[in-house]
Amino acid sequence: MPDVTGPTGSPCRSSILVTGAVGNLGREVVDRLQAHGARVRCLVRHQAGPRPGVEWAVGDLTDPAAVRAALVGIDAVFLIWPLLDSAPAHDLVAELIAAAPRVVYLSSTAIDDEAARQSDPIVQVHADMEALLRTAGLRPMVLRSDTLASNARGWIPQVRAGDVVSGPDIARTAVVDERDVADAVVATLLVHHNQLEREPLLLTGPEVLSRADQVALLGVALRRRLRFQALPADLARSRMLTDGRPERLVEALIAASLRRPESNRTTDHVERLTGRPAGTFARWAIDHAVEFS
């Protein structure tokens, strides 16, 4: 567990700014920070409902004035960059430099440090953001996460409607429970600056799974025979656009499905940060089965 005492041994209550706070991962991070007694401020694009112990700052990460106001009195920032372009982040970085908080950035295990260009736009923007933060002198702590188990929530309408989940296939990966990622994030946010590791930590689940594997495990949790049907890129693109997803995001997702290489890597970095091994997708599916019913 992180050391959250001050130099005299007295409790040190950190002030943390959380971005992406209303997403699947962000909500888990906020819950855990509160449990640790941290002061929590969330930068959100739209005013959220009241929540005891949480301060809401309304604004956009691309708005320097909103970021500047949100950073007042903040010790550390959990940063999730939501765009497929790192160029608008330059103003954000300038505000971070001025405020000088610790920065924990959530990146992707799909980054290839040896490649001049990454496999697809989603991984490329993560690599660009890491480079931008480092060259600015912020010395961020980078946590590279594998595919979050919570992405499976996108299948809820299909699972409720039938036994086939269809969509673009993607290379196998060590799917990680977002609750484990949140625990790792919070441990990193609350640790003293000189205790942080400088190399990116790779947050993975304990086993490498395909989408078909995930759907089958979800079926076991629901006591149903679910199966995954991979769609050709053109059909997957058409369906996602019909569902109302932004065109640029759809193209990035299709590129990822076609070009991102398979990863067979698993690590113990979740355990290194949290003190316990990463959980399985099967356990996640059991814990969240009611959402799919």
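Described in the following lines is the structure provided in the data block.

Cut-offs used in this document
Here the residue numbering is sequential within each chain, running from 1 through the sequence in written order. For a predicted model such as this one, the threshold for reporting local features is a pLDDT of at least 70, and the threshold for listing and counting side-chain atom pairs is 80 or more; totals across whole chains, interfaces and linings nevertheless cover every residue. As a rule here, side-chain values cover all heavy atoms of the structure and leave hydrogens and water aside. Residues enter a nonpolar core if they are buried and are Ala, Val, Leu, Ile, Met, Phe, Trp, Tyr or Cys, with the set joined through side-chain atoms within 4.5 Å. For each residue, the accessible area found with a 1.4 Å probe, counting protein chains only, is set against the maximum for its type, and the residue is called buried under 20%, exposed over 50%, and partly exposed in between. Each helix is a run of H or I in the DSSP string that is no shorter than four residues. Each strand is a run of E no shorter than two, and both are numbered from the N terminus. The contact criterion used throughout is that any non-hydrogen atoms of two residues lie within 4.5 Å. Definition used for salt bridges: Asp or Glu carboxyl oxygen within 4 Å of a side-chain nitrogen of Lys or Arg. Two N or O atoms count as a polar contact when they lie within 3.5 Å, although within protein this holds only if one can serve as hydrogen donor and the other as acceptor, and sequence-adjacent residues are included solely when both atoms are side-chain atoms. For a helix, the expected span equals 1.5 Å multiplied by the number of residues minus one.

This paragraph deals with the nonpolar core. Core analysis: the biggest nonpolar cluster contains 33 residues, and V18, V29, L33, C42, F78, L143 and L189 have the highest contact counts within it. At seven residues, helix α6 (residues 178-190) tops the list of elements feeding residues into this core. Excluding its chain neighbours within four sequence positions, the residues that come into contact with C42 are L17, V18, A21, V30, V54, E55, W56 and A57.

Right, let's talk about the pattern of salt bridges for a bit. Under the criterion given, the structure shown has 22 salt bridges. One salt bridge in this structure joins R51 and D31, with 2.1 Å as the shortest N-O distance. Within this pair, whereas R51 is found in the loop between β2 (39-44) and β3 (54-58), its partner D31 is found in helix α1 (residues 24-35), the two being separated by 20 residues in sequence. Among the residues examined, R51 registers a relative accessible area of 25% and is labelled partly exposed. Judged by relative accessible area, which is 36%, D31 ranks as partly exposed. Residue R172 pairs with E262 through a salt bridge whose shortest N-O separation is 3.6 Å. Pair noted here: R172 is in the loop between β7 (164-167) and α6 and E262 is in the loop between α9 (247-259) and α10 (269-274), with a separation of 90 residues, a long-range link. On the basis of relative accessible area, E262 is assigned to the partly exposed category, the value being 45%. Members of the salt-bridge network, linked through shared partners, are E28, R32, D180, D183 and R276.

In this fold, E130 is placed in helix α4 (residues 121-135). Spatially, the C-alpha atom of E130 lies 7.6 Å from that of V142, the residues being twelve residues apart in sequence. If near-sequence neighbours (up to four positions away) are discounted, E130 is found in contact with Y105, S107, I111, V142, R144 and P200. Engagement of the side chain of E130 in a polar contact is seen with the side chain of R144, the distance being 2.9 Å.

The periodicity of an α-helix, 3.6 residues per turn, causes residues three or four positions apart to be oriented the same way. With 13 residues, α9 should reach 18 Å at 1.5 Å per residue; the first-to-last C-alpha distance of 18 Å fits that figure. Every buried residue of α9 is listed here: V250, A252, I254, A255, A256 and S257.

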